[in-house]
Amino acid sequence: MLHRFALRVLPSLTLAVTDEQTRRRKRLVMLVPGLVAFALYRAVKLFDPLHDPLAVLGMSGLISALAAICAYRIGRRKSFGAFFEEDGLRRVGWVIGWIGFVYGVQLSLLVLALLRVCAHYDFLVHPDGPAMMAIIIACTSVARDAFEIGHIRFLEREGKPVVTFPDGVPFRSLWSEDPLTLTRWLAVGMLVCGLAAWTAAAMGEVGRAELGQLAVITLVAGSFALVAYLAGRQPGRWVSLFRETQWSELLRFWWWPGLAFAATYYLVVLGVGLYVLRQDPMSGAASILIASLVGGIMALYCYYLGNRRHVEDRVQQAIPSSLLRCPFVMGILSKSKESPQGSGAPKGGPPSEIVVGQTGRS
């Protein structure tokens, strides 16, 4: 879900996909795949009751993969053949396989786990309702994100500079440039959340329950994510940045994506244990392992996002907005879009807020 982080945390991407015209098109793109997913689900139910969670996850992944490539094509505003030739097999495969199938399966696990933990509506007991919701919600969410990514790619091909394309390439570049720092944040995030899960479990039955663990890990991982984000923005002086930033901005990031994505990752990993491995995730050391994974992922991804915000802020200072409006400069920047998108990529971006840019808009 790193692409979802980037699309809603980095202002250059958020502003590009939340203007009114784009949002209107996006609503239609989300509606149609949802209806198609519902129709396909009812058709398959005539031949297979879909009582096996793996069958539901597989169907969700396939439908989401189809929705992803169609929504990406609409965002690209190109025919399938044209954008395949321009983007290449690797990027198209990433859209179908990762944004479509894998992300769709993740979202289905999220829905199944959320219904079990918060609504006591377990797929293993009542399969029909949770399965339908898992498939439809996953399909519509995948279509939304694939459309936004396609729109970003359309803007990039039109010559508008994109500092961070949400395909994970800048993340891998940062990892190759500074693996020690990222490993340290990963380890600390895992340790902090693992200890939090162990402490909660030691406090009694409530702390060992799925809902209790969800609440504790969401709070701890979401809070630590804010620290990692600030450290990525200003390495070595995140405490000063914390003091200088307005409380409203800190609370906004802490709530979203901090708490929201911490809960999301926890439920996804919990869903893997419940519906893929068919094990009790709350038994033994499994709860500590789940918490450690969530803490490590949140710390790693939020440090990376902070680093990308640092890059965007620096580029914005280096390139005046008046120059970015010049067609000649835009042409030069667009020709350099294939250059490595690491910490020093010389690309432009729009103005940004202090911490996050318009994260509440969809």
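Structural notes, computed from the coordinates. (Residues numbered from 1 in each chain as written. Predicted model: local features only at pLDDT ≥ 70, side-chain atom pairs only at ≥ 80, totals over all residues. Heavy atoms only, no water.)

### A look at the overall build of the protein
The helix and strand tally for the protein stands at 15 helices and 0 strands. Burial status across the protein gives 54% buried among its 362 residues. For the protein, long-range pairs separated by at least 24 residues make up 79% of all intrachain contacts whose partners lie at least 6 apart in sequence. Accessible surface, the protein: about 15,900 Å² in total, of which carbon and sulfur atoms supply 67%. (Helix = DSSP H or I, 4+ residues; strand = E, 2+ residues; numbered from the N terminus. Buried < 20%, exposed > 50% of the residue type's maximum accessible area, 1.4 Å probe, protein only. Contact = heavy atoms within 4.5 Å. Areas by Shrake-Rupley, 256 points an atom, 1.4 Å probe, with all protein chains shown as cover.)

### What to know about unusual backbone geometry
Note that the residue after Trp-256, namely Pro-257, is joined by a cis bond; omega there is 20 degrees. Within the secondary structure layout, Pro-257 lies in helix H12 (residues 247-276). Look at Arg-77: it is not a glycine, yet its phi comes out positive at around 60 degrees. Counting through the fold element by element, Arg-77 comes out in the loop between helix H4 (53-76) and helix H5 (80-119). Its relative accessible area of 41% is what places Arg-77 among the partly exposed residues. Residues other than glycine seldom take positive phi values, yet Arg-278 does so here, at roughly 55 degrees. Within the secondary structure, Arg-278 is located in the loop between H12 and helix H13 (286-318).

### Comments concerning helix H10 (residues 210-233)
In an α-helix there are 3.6 residues to a turn, and that puts residues three or four apart on one side. With 24 residues, H10 ought to run about 34 Å at 1.5 Å a step, and its terminal C-alpha atoms sit 34 Å apart, in line with that. The buried fraction of H10 is high, at 17 of 24 residues. (Expected span 1.5 Å × (residues − 1).)

### Quick notes on the packing of H5 against H10
The contact between H5 and H10 brings their axes to 9 Å, and the two run at 110 degrees. Relative to H10, the element H5 lies roughly perpendicular. Contact residues: Arg-116, Val-117 and Cys-118 in H5; Glu-210, Leu-211 and Leu-214 in H10. Here the residues of the contact of H5 with H10 sort into 4 nonpolar, no polar and 2 charged. (Axes fitted to C-alpha atoms, helices over the stretch in contact; angles between N-to-C directions. Parallel < 35°, antiparallel > 145°, perpendicular 65-115°, else oblique. Nonpolar A, V, L, I, M, F, W, Y, C, P; charged D, E, K, R; others polar.)

### Some thoughts on the environment of Ala-6
Relative to the elements of secondary structure, Ala-6 occurs in helix H1 (residues 2-9). Judged by its relative accessible area of 2%, Ala-6 falls in the buried class. In this structure the C-alpha to C-alpha distance between Ala-6 and Thr-164, which are 158 residues apart in sequence, comes to 8.1 Å. Excluding its chain neighbours within four sequence positions, the residues that come into contact with Ala-6 are Leu-13, Pro-166 and Leu-305.

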